[in-house]
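Commentary on secondary and tertiary structure
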2 protein chains.
Amino acid sequence: MSPRPGIDRLQLLQSAAELADQGGLHAVTLAALAGKLGVRSPSLYNHVDGLSGLHAALTLHGLQTLHEQMLKAVAGRSGEDALRFVCLTYVDFARSHPGLYEAALQPLRPDQQETQRVGNQIVELLLRILTPYQLSEPEALHTVRTLRSLCHGFSSLERSGQFALDLDLDDSLNFMIRIFIDGLHQQNSQR
Amino acid sequence: MSPRPGIDRLQLLQSAAELADQGGLHAVTLAALAGKLGVRSPSLYNHVDGLSGLHAALTLHGLQTLHEQMLKAVAGRSGEDALRFVCLTYVDFARSHPGLYEAALQPLRPDQQETQRVGNQIVELLLRILTPYQLSEPEALHTVRTLRSLCHGFSSLERSGQFALDLDLDDSLNFMIRIFIDGLHQQNSQR
DNA sequence: TTATAATACTAATATGATTAGTTTACGACG
DNA sequence: CGTCGTAAACTAATCATATTAGTATTATAA
């Protein structure tokens, strides 16, 4: 069935992720990846659908990896503890794999349904964490959007160097999480 | 002093912004911009320092425009009203000028001091809005980072199509702002 | 009217994406 | 052990873009 082993797909994705982590997403070129894999660039067309296909594959891979990390983070935790820890894990992922994270949050085209699916899994994971707060369904969904906005915004601004002032970043992150949790409690008690 | 009029810099920036708004930042190429301006691409080197210089110029232009909008938004407003309105204005800017906004939040290189400066102006604007809350200096700075994370995260995720569910986006935005303001009050009363 | 200086141009080179067509190598099967 | 099929890799060629070098142009100022 497989006349020739060829390039391992996982190795391809990891190499692409390394390129992204080192030089940003725009450093992920077919030429660079081919060089890294010891192959000529046209050969990559046997494995990915051109450059845009490579980027799409990296988006999916990044989102899946992020989802796994978040799953591990909430395992055995609940309530405020889980909420806090999943945020810290999210930001840690973005810090440790800046290029892969950048890829993960690229605008997705409507045909990337698998990527959509993983995105939905992340939403569901966050919804599960929020169950103790007994929110209505739309409230819970607004809360998930808020949570994602916070985590992504922080990660993105941090990576872009927009937090330039001499002020501890982890302090800011913890402050932010506290604001969110306090606001959520307040929201809860207002009903 | 000016032997030949040549290309108007504002027109150049506006054309580049249009390209970005229509096709994303990666559609801002020297070739496309030259075509739009009715000129050959090497001619652009008289006005910008190559493609990366063009992107840097667009970053600055975007940040300046965003700052102006935020200034207008807070004029004649104060307290919670100002806070809410500046968030809405921020998100509105990102929606109305997606490409220019994308450019504005590009990672900035250390040599772009003018861009740094405008970023600092935005931070100062937000600090002024927060004065009624009587926060300590580090708290105020953490709060600004939180606010920026919220607004940028929401704008960025919205644009990337990550908020796919059938749930009103403005409702989410207003919910998010309320969570933030409630959390901030809570923070305040805990001291 | 002419000199100057900024601007725009053409030509050429380099890098990367992509396609077409060819060759190679591994595994299955007689 | 040989050969056959298939997927993978290759070379060659084309296209688009960025960039540099060098030349021509043109508006203003003297």
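Calculation rules
- Residues numbered from 1 in each chain as written.
- Chains lettered and ligands numbered in written order.
- Predicted model: local features only at pLDDT ≥ 70, side-chain atom pairs only at ≥ 80, totals over all residues.
- Heavy atoms only, no water.
- Helix = DSSP H or I, 4+ residues; strand = E, 2+ residues; numbered from the N terminus.
- Buried < 20%, exposed > 50% of the residue type's maximum accessible area, 1.4 Å probe, protein only.
- Contact = heavy atoms within 4.5 Å.
- Areas by Shrake-Rupley, 256 points an atom, 1.4 Å probe, with all protein chains shown as cover.
- Near = heavy atom within 4 Å.
- Polar contact = N/O pair within 3.5 Å; in protein donor to acceptor, adjacent residues only side chain to side chain.
- Least-squares fit on C-alpha atoms with pLDDT ≥ 70 in both.
- Buried area = accessible area lost by both parts, 1.4 Å probe.
- Salt bridge = Lys/Arg side-chain N within 4 Å of Asp/Glu carboxyl O.
- Nonpolar A, V, L, I, M, F, W, Y, C, P; charged D, E, K, R; others polar.
- Disulfide = S-S within 2.5 Å.
- Phe/Tyr/Trp six-rings, centres within 6.5 Å; stacked < 30°, edge-to-face > 60°.
- UniProt positions renumbered as here; feature names shortened; annotations may be inferred.
- Axes fitted to C-alpha atoms, helices over the stretch in contact; angles between N-to-C directions.
- Parallel < 35°, antiparallel > 145°, perpendicular 65-115°, else oblique.

Broken down by element type, chain A carries 8 helices and 0 strands. Reading chain A from its N terminus to its C terminus gives the helix and strand order α-α-α-α-α-α-α-α. Principal axes of the C-alpha set define a box for chain A whose edges measure 65 × 45 × 30 Å. A total of 191 residues make up chain A; the buried ones form 52% of that total. Of the contacts made within chain A by residues no fewer than 6 positions apart, 69% connect residues no fewer than 24 positions apart. Within the structure as shown, chain A displays about 9,200 Å² of accessible surface, and the carbon and sulfur contribution to it stands at 49%.

This part is about the protein's contact with DNA strand D. A:Ser43, A:His47, B:Arg4, B:Ala31 and B:Tyr45 are the nearest of the 22 residues found near DNA strand D. Of all atoms in DNA strand D that approach within 4 Å of the protein, 68% are sugar or phosphate atoms. Within the side chain of A:His47, an N or O atom sits 2.6 Å from a phosphate oxygen of DNA strand D. For DNA strand D, a phosphate oxygen lies 2.9 Å from a polar atom in the backbone of B:Leu30.

Bringing the relation of the copies chain B and chain A into the picture now. Each copy superposes on the other: chain B lies on chain A with an RMSD of 0.0 Å after a rotation of 180 degrees and an axial shift of 0.0 Å. Both chain copies can therefore be described as sitting about a two-fold axis. Take the interface residues of chain B: 100% of them recur as interface residues in chain A, which is what a same-surface contact looks like.

Next up on the list: the interface of chain B and chain A. On the side of chain A, 45 residues touch chain B, which itself brings 45 residues to the contact. Summing both partners gives a buried area of about 4,100 Å² for chain B against chain A, and 61% of it is carried by carbon and sulfur. Applying the counting rule to chain B against chain A returns 0 salt bridges. The interface formed by chain B and chain A holds 16 residue pairs in polar contact (both at pLDDT 80 or more) in total. The set of elements that each furnish at least two residues to the side of chain B that touches chain A consists of α6 (113-130), α7 (137-159) and α8 (169-189) of chain B. For the side of chain B that touches chain A, the element with the highest residue contribution is α7(B), accounting for 16 residues. Residues of the side of chain B that touches chain A, tallied by class, amount to 20 nonpolar, 17 polar and 8 charged.

Across all of its chains, the model carries 0 disulfides over all chains by this definition. Of the cysteine sulfurs around A:Cys87, a residue in no disulfide, the closest is that of A:Cys151, at 3.7 Å.

Bringing the pattern of salt bridges into the picture now. Here the structure, examined in full by the defined rule, presents 12 salt bridges over all chains. Residue A:Asp81 pairs with A:Arg77 through a salt bridge whose shortest N-O separation is 3.3 Å. With a relative accessible area of 39%, A:Asp81 lands in the partly exposed category. A salt bridge links B:Asp111 to B:Arg109, with the nearest nitrogen and oxygen atoms 3.4 Å apart. Given the relative accessible area of 37%, B:Arg109 is considered partly exposed. Here the salt bridges do not stand alone but share partners, grouping A:Arg95, A:Glu158 and A:Asp170 into one network.

All names here are of chain A. As for its placement among the helices and strands, Pro132 is situated in the loop between α6 (113-130) and α7 (137-159). A residue is classified by how much of its surface remains accessible, and Pro132, at 49% relative accessible area, is partly exposed. Spatially, the C-alpha atom of Pro132 lies 6.3 Å from that of Gly79, the residues being 53 residues apart in sequence.

On to the packing of aromatic side chains, then. All names here are of chain A. In the structure shown here, the tally under the stated rule is 6 aromatic pairs over all chains. Summarising the aromatic geometry, the rings of Phe93 and Tyr101 are spaced 6.4 Å apart at their centres and angled 75 degrees between planes, so their arrangement reads as edge-to-face. Owing to a relative accessible area of 1%, Tyr101 belongs among the buried residues under this scheme. Ring geometry for Phe154 against Phe163: centres 5.4 Å apart, planes inclined by 45 degrees, an arrangement best described as tilted. For Phe163, a relative accessible area of 10% corresponds to the buried category. Linked through ring pairs, Tyr90, Phe93 and Tyr101 together constitute an aromatic cluster.

Here we take up the UniProt feature "domain: HTH tetR-type" (unreviewed entry) in chain A. In this numbering, the UniProt entry assigns the feature "domain: HTH tetR-type" (unreviewed entry) to residues 6-66 of chain A. With 66% helix and 0% strand, residues 6-66 of chain A has its two end C-alpha atoms placed 27 Å apart.

Residues and elements named next belong to chain B. Running from amino to carboxyl end, helix α4 (residues 79-96) crosses α6 at an angle of 150 degrees, the nearest separation of the two axes being 9 Å. Classified by the angle between their axes, α4 and α6 sit roughly antiparallel to one another. Packed against α4, whose contacting residues are Gly79, Ala82, Leu83 and Val86, the element α6 presents Leu125, Leu126, Ile129 and Leu130 at the interface. Here the contact of α4 with α6 is composed, by residue class, of 7 nonpolar, 1 polar and no charged.

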